[in-house]
Amino acid sequence: MLESIGVEADYRPGIKPEEVREALQGFEGLIVRSKMHITAQTLELAQKLKYVARAGAGVDNIDQLALQERGIILLAANEGNSQAVGEFTVGLLVSLLRNISRSHRQVQQKVWLREENRGEEIFGKTVGIIGFGNMGQSLARTLAGFGCRLLAYDRFAPEKISGPVARVSLEQLQAEADIVSLHIPFILENLSFANEAFFSGFSKPVWFLNTSRGDVVDQQALVRHLKAGSIKGAALDVLENEKLHTLTAQQQQDFDYLASAPNVILTPHIAGWTHESYVKINEVLVQKVQQLLAK
C-alpha cells in the first residue's frame, strides 16, 4: 500500500526494541503497532523523522510530548477498527445480559438450566456511552436498532454528540443509565477513571463494559462493586495488566474473582481484532500518510 503512493517501505517485523534507536537514522516515517514503545530516547537519532503512525487506535505506547517537542506528527487509525469495536461491544452486551457465555459452559458440562439463565433485554434500557470518539459513535450506531435510549458523555469533545444520542453530564448518565460502556483513551487524565467514586455514583445497579484500555478502570474498585451487587455484571475486553504471568498479588486476587464470577465475561483484547479491520487500519494509515506528504 505504501509503495502504491510512492513511499519506499522497509519492513522489519523481527527488529528488537533496543535496535530501533539506531535503525531510525535517515528515515522520514515510522509505522508501529502496540508492542513497540516510542520514547524520547527512541527518537534521539531520527533527525529526518516527519511522522510516527500507529497501526491501530490507542497511542498510549507513544510519548506524544516527545513527538511534539521534535515537531513530529502522530497519525493513528482509529477509524479502521471502530466498526469492529462497535459490533463486538454489542456482542459482549448481549452475551452478558442473556447469560450466553455462562450457559454455554454449563451445557458443555451437561448442565441444562433454563430458569436460572433467564436474562434481560436491551430494548427499553438506557445505555450510557462514556467517550464519544470513533468507538463510542460506532457503538451508538450499532445499538440504534435495539430500541434503547442512548446517553453519551465526553469531557474532551462534547460537540461530537448529536442526533438520537443525548449529550449529558457524567452525573446525569450515572443517575439514569442501566448499562455503561467505556470508550475513552488511556491518557494520564483517564488513569483509573472508573474508580470507587465513579462506581459509587450510580443511582442503581448497572451493567458495565470496557473495551477501551484496562488502565482506565480501577480493577479493585470494580471487584468490590461486583461483590456488593452495585455492578450487576461486567464484560471486559481489557485488563489493567494483560501480561497474566506477571500479576501482582492484588492483581492475581482480583483476576481470580473476575475469572470465576458467573456474571463476568473476559476476552483477550480482541474488540477491534477482525480480518476486515486489519485491512482497514492499514488503508486509513496509508491515506493519512499520503495526505501528510502532499502538504
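Under an unreviewed UniProt entry, the name given to the protein chain is Phosphoglycerate dehydrogenase, and the organism recorded is Pontibacter flavimaris. What UniProt records for the protein chain under Sequence similarities (unreviewed entry) is the sentence "Belongs to the D-isomer specific 2-hydroxyacid dehydrogenase family."

Enquirer: Would you take a moment to explain the side chain of Asn241 for this structure?
Expert: Note that Asn241 resides in the loop between β9 (231–236) and α9 (249–260). Asn241 gets classed as buried once you look at its relative accessible area, which sits at 16%. In terms of polar contacts, Asn241 uses its side chain to reach the backbone amide nitrogen of Lys243, at 3.1 Å. The contacts of Asn241, once residues within four sequence positions are left out, are Thr246, Leu247 and Gln251.

Enquirer: Would you mind showing me how to read the UniProt feature "domain: D-isomer specific 2-hydroxyacid dehydrogenase catalytic" (unreviewed entry) in the protein chain here?
Expert: The feature "domain: D-isomer specific 2-hydroxyacid dehydrogenase catalytic" (unreviewed entry), as annotated in UniProt, sits at residues 7–293 in this numbering. Here residues 7–293 runs as 36% helix and 15% strand, with 10 Å between its end C-alpha atoms.

Enquirer: Please explain the sheet that holds strand β6 (residues 166–167) as it appears in this structure.
Expert: Note: strands within a sheet are paired through backbone hydrogen bonds, in either parallel or antiparallel orientation. An order of β6-β5-β4-β7-β8-β9-β10 is seen for the seven strands of this open sheet, with the pairing classed as parallel. Of all the strands in the sheet, just β6 and β10 (264–266) have a single pairing partner and so form its edges. When strand β5 (residues 149–153) meets β6, the two strands line up parallel, connected through two bridges. Following the sheet pairing, Leu151 is matched in β6 by Ala166.

Enquirer: Any chance you could explain the pattern of salt bridges here in plain terms?
Expert: Side-chain pairing between opposite charges can occur once the charged atoms of the two side chains come close. For the structure on display, the rule yields 12 salt bridges. Of the charged contacts in the structure, one is a salt bridge between Arg12 and Asp10, with a shortest N-O distance of 2.9 Å. We classify Asp10 as partly exposed; its relative accessible area is 42%. Across the pair Glu115 and Arg118 runs a salt bridge, and its minimum N-O distance is 2.7 Å. By relative accessible area, which is 61% here, Arg118 ends up exposed. Each of Arg21, Glu22 and Glu44 takes part in one network of salt bridges that share partners.

Enquirer: Please explain helix α5 (residues 134–143) as it appears in this structure.
Expert: An α-helix turns once per 3.6 residues; consequently, residues spaced three or four apart project the same way. Listed as buried for α5 are Met135, Gly136, Ser138, Leu139, Ala140 and Leu143. In the core, the buried residues of α5 are packed alongside α3 (82–97), β4 (126–130), β5 and β7 (179–182).

Enquirer: Mind showing me how you'd approach the nonpolar core here?
Expert: Within soluble globular proteins, side chains that are nonpolar generally end up buried alongside one another. In this structure, Ile130, Val180, Phe198, Phe199, Phe208 and Leu222 are the most contacted members of the largest nonpolar core, which totals 32 residues. If you list the elements that add at least two residues to this core, you get β5, α6 (170–176), β7, α7 (196–200), β8 (206–210), α8 (219–228), β9 and α9. Considering every element that reaches this core, the biggest residue donor is α8, with four residues.

Enquirer: Is there a simple way to explain a nonpolar patch on the surface in this structure?
Expert: On the surface, Met1, Tyr278 and Val279 cluster together into a nonpolar patch covering about 320 Å² of accessible area. For Val279, the position within the fold is in helix α10 (residues 275–293). With a relative accessible area of 38%, Val279 lands in the partly exposed category.

Enquirer: Could you clarify how one ought to interpret unusual backbone geometry in this entry?
Expert: Backbone phi values are negative for most residues with the exception of glycine, while trans is the configuration of most peptide bonds. A positive phi angle, near 55°, is found at Ser192, a position not held by glycine. Inspection of the secondary structure assignment puts Ser192 in the loop between β7 and α7. On the basis of relative accessibility, which here comes to 27%, the residue Ser192 falls in the partly exposed class.

Thresholds, definitions, all that
Residues take numbers from 1 onward in each chain, read along the sequence in its written order. The model is predicted, so local features are restricted to residues of pLDDT at least 70 and side-chain atom pairs to those at 80 or more, both for listing and for counting; the totals for chains, interfaces and linings are taken over all residues. Computation of side-chain values covers all heavy atoms of the structure but excludes hydrogens and water. UniProt positions are given in the numbering used here, feature names are shortened, and annotations may be inferred rather than shown by experiment. In DSSP terms, a helix is any run of H or I states spanning at least four residues, a strand is any run of E spanning at least two, and both are numbered starting from the N terminus. Only protein chains enter the area calculation, which uses a 1.4 Å probe; residues under 20% of their type maximum are buried, those over 50% are exposed, and those in between are partly exposed. What qualifies as a polar contact is a pair of N or O atoms within 3.5 Å, subject to a donor-acceptor requirement within protein and to the restriction that residues adjacent in sequence count only when both atoms come from side chains. Here, two residues are considered to be in contact whenever any of their heavy atoms come within 4.5 Å of each other. In this analysis, strands are considered paired if DSSP registers two or more bridges between them. Only one rule defines a salt bridge in this text: a Lys or Arg side-chain nitrogen within 4 Å of an Asp or Glu carboxyl oxygen. By convention a nonpolar core is built from buried Ala, Val, Leu, Ile, Met, Phe, Trp, Tyr and Cys residues, the set being connected through side-chain atoms within 4.5 Å. Patches in this entry comprise residues that are over 30% relatively accessible and not in a salt bridge; like charges within 9 Å are linked, as are nonpolar side chains (Val, Leu, Ile, Met, Phe, Trp, Tyr) within 5 Å. Using a 1.4 Å probe, accessible areas were evaluated by the Shrake-Rupley method; residue-level cover was limited to the displayed protein chains.

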